[in-house]
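Structure at a glance
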Amino acid sequence: MRIKLGAKLTLSNAILLLLLVIATGAMIIGADLQRREVAAANRSADFAAGTALDLVATVKRLNIDIIQIQQWLTDISATRGLDGLNDGFDKAAEARASAEANLKAAEELARAAGENTLLAEFAEVGKAMAPYYMGGMAMAKAYVDGGPEAGNKMMSGFDAQAEAMSEALDRAVTHVDKLAASARASMRADLAEAAEVAVFFEYSAIILAIAGIVVSLSVILFMQRHVVRPLGAMTAALTRIGDGDIEVTVADSGRRSDEIADMARALAILRDRTAQNIQLQAAQREAEAEADRIRREALIGMAETVERESRRAVDQVASESKLMDETAEGMEGSATQVSGDAQSVAAAAEQALANAQAVASATEQLTASIHEISGQIANAMSASRQAVDSGER
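A quick note: this is a predicted structure, and the numbers were derived from the prediction, not measured.

Let's shift gears to the overall build of the protein chain. Helices and strands together make up the secondary structure of the protein chain, namely five helices and zero strands. Starting at the N terminus, the α and β elements of the protein chain follow one another as α-α-α-α-α. Per-residue burial for the protein chain yields a buried fraction of 27% across its 393 residues. Intrachain contacts of the protein chain at a sequence separation of at least 6 include 79% that bridge at least 24 residues.

Right, dumping it as structure tokens:
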């Protein structure tokens, strides 16, 4: 399967981008989970520090008010309002008003918190408060008006009413305490979950960072091995081929079928064709050198032939001239001898002498012609040598 280099680079970038998207998505999800956990922890903290704490404080004040009702009525029952100690009824009434206000505030807090069970328990406290207060007032008045005998008769009834009041209030107080403890536990649990989420995504971020580093290093190593090194090797090989080194080895592309493999094959073809061109140039230079050698040898042979034939012609002309000179001298001697012997042949002798002189003149002209031919031959030989020298240059 042919996978182009561009596709490989795109795939590498896509992997990095996917890893980045995963890391970003994980961070967004982690931030959202942390935000939810922190919001839940804040709600728990608000409830624990606000509603629950207000409920605890309000219930404590309610409990104090109910205790004070019993305390003020008990005090006035004991003193029977003597010696100026007659404000017990008023103080008890103030304590009842404060208790009712605190009970109403506690009910509002329970309603706001959605605690219907606690709201019902506060309702029980409200139902028990009226008999508790009225029974205590009646007992105290009995002590004041009729003394211990009258008051003691009502003591058992007030004790029952106080017991019912105490039980209803204890149930409410216990519920409020549990509610406050639950709010604190919920706040701690929410904070612990938020911390766990933070730790989880901290480790997730570390893992993603390590994965990103591994993927990045893998991409870098891949690029170094499959792109940078082959390109560097081919650049060096191309430089050596440009310098005329045809012995350079082009890296084998192996099973690769991308652009790098195409470049390697093209570079190998370039090397082979460069080697062929160099061989053709060498053969051409050898052919030119051989042609120059043959041309020089031909010129030298031509010059030697001209010189040899010229010498032969000159020697032949010289030999014939010598023969003619000897013939002329012989004829001149014969003519002189004949002129001395007979006057009758004087004219013939004179004619022969004239002929001998003509032959001698012709011989001189022939000798001059021979010298001229020798000069022309020398010029021709000089021109031949210059032609040979020019051919060698």
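Considering the arrangement of structural elements, one finds Ser-77 in helix 1 (residues 5-79). Residues within four places of Ser-77 in sequence aside, it is in contact with Met-139, Ala-140 and Tyr-143.

A separate point is helix 2 (residues 88-113). The first and last C-alpha atoms of helix 2 sit 37 Å apart over 26 residues, in line with the 38 Å expected at 1.5 Å per residue. The set of residues buried in helix 2 consists of Gly-88, Phe-89, Ala-92, Ala-95, Ala-99, Asn-102, Leu-103, Ala-106, Leu-109 and Ala-110. Once helix 2 ends, the next one or two residues include Gly-114, with phi positive near 75 degrees.

A cluster of nonpolar side chains, contributed by Val-199, Tyr-203, Ile-206, Ile-207, Ile-210 and Val-214, occupies part of the molecular surface with about 570 Å² of accessible area. Structurally, Val-199 is set in helix 3 (residues 116-242). Taking relative accessible area as the criterion, Val-199 reaches 38% and is therefore assigned partly exposed.

Our next topic: the nonpolar core. Of all hydrophobic cores here, the largest spans 39 residues; its most connected members are Leu-55, Leu-62, Ile-66, Phe-122 and Val-125. Residue assignment for this core shows that the elements contributing at least two residues are helix 1, helix 2 and helix 3. Among all residues touching Phe-122, those that are not within four sequence positions of it are Leu-55, Val-59, Leu-103, Ala-106, Glu-107, Ala-110, Ala-172 and Val-176. If you look at the next biggest cluster of nonpolar residues, it comprises eight residues, including Met-234, Ala-237, Val-248 and Leu-267.

Turning next to a negative patch on the surface. Side chains of Asp-159, Glu-163, Glu-167 and Asp-170 sit close together on the surface and give a patch of like negative charge. One can find Glu-167 in helix 3.

Turning our attention to the environment of Asp-65. Its place among the elements puts Asp-65 in helix 1. The sequence separation of Asp-65 and Glu-100 amounts to 35 residues, and the corresponding C-alpha distance is 8.9 Å. For Asp-65, the residues in contact, after removing those within four places along its chain, are Ala-95, Ser-98, Ala-99 and Asn-102. Within the structure, Asp-65 has its side chain in polar contact with the backbone nitrogen of Ala-99 (distance 3.2 Å).

The next subject is the pattern of salt bridges. Under the definition given, this model contains five salt bridges. Among the ionic pairs, Glu-100 bridges to Arg-96, the shortest N-O distance being 3.1 Å. Of this pair, Glu-100 and Arg-96 both sit in helix 2, four residues apart, which is roughly one turn of the helix. We note a salt bridge from Arg-295 to Asp-292, for which the minimum N-O separation is 2.2 Å. Separated by three residues within a single helix, Arg-295 and Asp-292 lie in helix 4 (residues 259-341), roughly one turn from each other. Classification of Asp-292 by relative accessible area gives partly exposed; the value is 28%. When salt bridges that share partners are traced, they join Glu-290, Arg-293 and Glu-297 into one network.

It is the contact of helix 2 with helix 3, at a shortest axis distance of 10 Å, that shows an interaxial angle of 175 degrees. In terms of their interaxial angle, helix 2 and helix 3 are classed as roughly antiparallel. Taken together, the residues of the contact of helix 2 with helix 3 sort by class into 19 nonpolar, one polar and five charged.

Attention now moves to the confidence of the model for the protein chain. Chain-level statistics for the protein chain give a pLDDT mean of 78 and a share of 76% at 70 or above. Across the protein chain, helix 2 holds the top mean pLDDT of 91, while helix 5 (residues 346-392) sits lowest at 67.

It is worth spelling out the side chain of Asn-102 at this point. With respect to the helices and strands, Asn-102 occurs in helix 2. Under the relative-accessibility criterion, Asn-102 is labelled buried at 11%. A polar contact of 3.4 Å, which involves the side chain of Asn-102, links it to the side chain of Arg-61. Setting aside residues no more than four positions away along its own chain, Asn-102 makes contact with Thr-58, Arg-61, Leu-62 and Asp-65.

Parameters at a glance
- Residues numbered from 1 in each chain as written.
- Predicted model: local features only at pLDDT ≥ 70, side-chain atom pairs only at ≥ 80, totals over all residues.
- Heavy atoms only, no water.
- Helix = DSSP H or I, 4+ residues; strand = E, 2+ residues; numbered from the N terminus.
- Buried < 20%, exposed > 50% of the residue type's maximum accessible area, 1.4 Å probe, protein only.
- Contact = heavy atoms within 4.5 Å.
- Expected span 1.5 Å × (residues − 1).
- Patch = residues over 30% accessible without salt bridge, like charges linked within 9 Å, V, L, I, M, F, W, Y side chains within 5 Å.
- Areas by Shrake-Rupley, 256 points an atom, 1.4 Å probe, with all protein chains shown as cover.
- Salt bridge = Lys/Arg side-chain N within 4 Å of Asp/Glu carboxyl O.
- Core = buried A, V, L, I, M, F, W, Y, C linked by side-chain atoms within 4.5 Å.
- Lys, Arg positive; Asp, Glu negative; His and termini not counted.
- Charge placed at Lys NZ, Arg CZ, Asp CG, Glu CD.
- Polar contact = N/O pair within 3.5 Å; in protein donor to acceptor, adjacent residues only side chain to side chain.
- Axes fitted to C-alpha atoms, helices over the stretch in contact; angles between N-to-C directions.
- Parallel < 35°, antiparallel > 145°, perpendicular 65-115°, else oblique.
- Nonpolar A, V, L, I, M, F, W, Y, C, P; charged D, E, K, R; others polar.
- pLDDT = per-residue confidence, 0-100.

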